[in-house]
Amino acid sequence: MIRRPVDMGDPDRLYTVTGGRSRVDDTTFDLVTLIVSECEPTPGMQSEHARILELCRHPTAVVELSAELRLPVMVVRILLGDLLATGRITARHPRMARSADLPESALLQEVLHGLRNL
């Protein structure tokens, strides 16, 4: 197996894609934030923005977008910030399970014991 660096993009290209920005000022987008597009791409839109809108017709995590676009997560977060500011996407964190929704540990132990006996 050959290991490759995560960021194989040309630095000049990444600089152009982000408009020279290298940081996101807020913490709106983490790796598991789900993104949903609120509109279709429009003519003249930056190609990366258009691709994000196409990919996010269904909820898609930021890390999945980064993989699909083959761009570093930070670059994707900058692009998502642009789309969020113009109202073209919505961002939401996955719903956390409440402790009342989780099965009891005794039940989980029984399931584990049953699986081991298979």
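Scope of this entry: the structure provided in the associated data block.

Thresholds, definitions, all that
- Residues numbered from 1 in each chain as written.
- Predicted model: local features only at pLDDT ≥ 70, side-chain atom pairs only at ≥ 80, totals over all residues.
- Heavy atoms only, no water.
- Helix = DSSP H or I, 4+ residues; strand = E, 2+ residues; numbered from the N terminus.
- Areas by Shrake-Rupley, 256 points an atom, 1.4 Å probe, with all protein chains shown as cover.
- Salt bridge = Lys/Arg side-chain N within 4 Å of Asp/Glu carboxyl O.
- Buried < 20%, exposed > 50% of the residue type's maximum accessible area, 1.4 Å probe, protein only.
- Arc of directions from axis to C-beta.
- Contact = heavy atoms within 4.5 Å.
- Polar contact = N/O pair within 3.5 Å; in protein donor to acceptor, adjacent residues only side chain to side chain.

## Description of the overall build of the chain
Here is step 1 of the chain: The number of helices and strands found in the chain is 5 helices and 3 strands.
Here is step 2 of the chain: Along its sequence from the N terminus, the chain presents helices and strands in the succession α-β-α-β-α-α-β-α.
Here is step 3 of the chain: Here the chain displays about 8700 Å² of accessible surface, and carbon together with sulfur accounts for 55% of that area.

## Section: the pattern of salt bridges
Here is step 1 of the chain: Tallied over the entire structure, the rule returns 3 salt bridges.
Here is step 2 of the chain: A salt bridge links E68 to R51, with the shortest nitrogen-to-oxygen separation between them at 3.8 Å. One end of the pair, E68, is in helix α3 (residues 62-69); the other, R51, is in helix α2 (residues 47-55), and 17 residues separate them in sequence.
Here is step 3 of the chain: Here the salt bridges share partners, and the residues they tie into one network are R51, E54 and E68.

## What to know about α3
Here is step 1 of the chain: Regarding α3, the residues found buried are V62, L65, S66 and L69. Seen end-on, α3 carries its buried residues on one side only, within an arc spanning 100°.
Here is step 2 of the chain: The inward-facing, buried residues of α3 abut β1 (34-37), α2, β2 (60-61) and α4 (73-85).
Here is step 3 of the chain: Looking one or two residues past α3, R70 carries a phi angle of roughly 55°, positive in sign.

## Considerations on the side chain of T60
Here is step 1 of the chain: With respect to the helices and strands, T60 occurs in strand β2.
Here is step 2 of the chain: A residue is classified by how much of its surface remains accessible, and T60, at 10% relative accessible area, is buried.
Here is step 3 of the chain: There is a polar contact of 2.8 Å between the side chain of T60 and the backbone oxygen of H58.
Here is step 4 of the chain: Setting aside residues up to four positions removed in sequence, T60 forms contacts with T33, L34, I35, L55 and L65.

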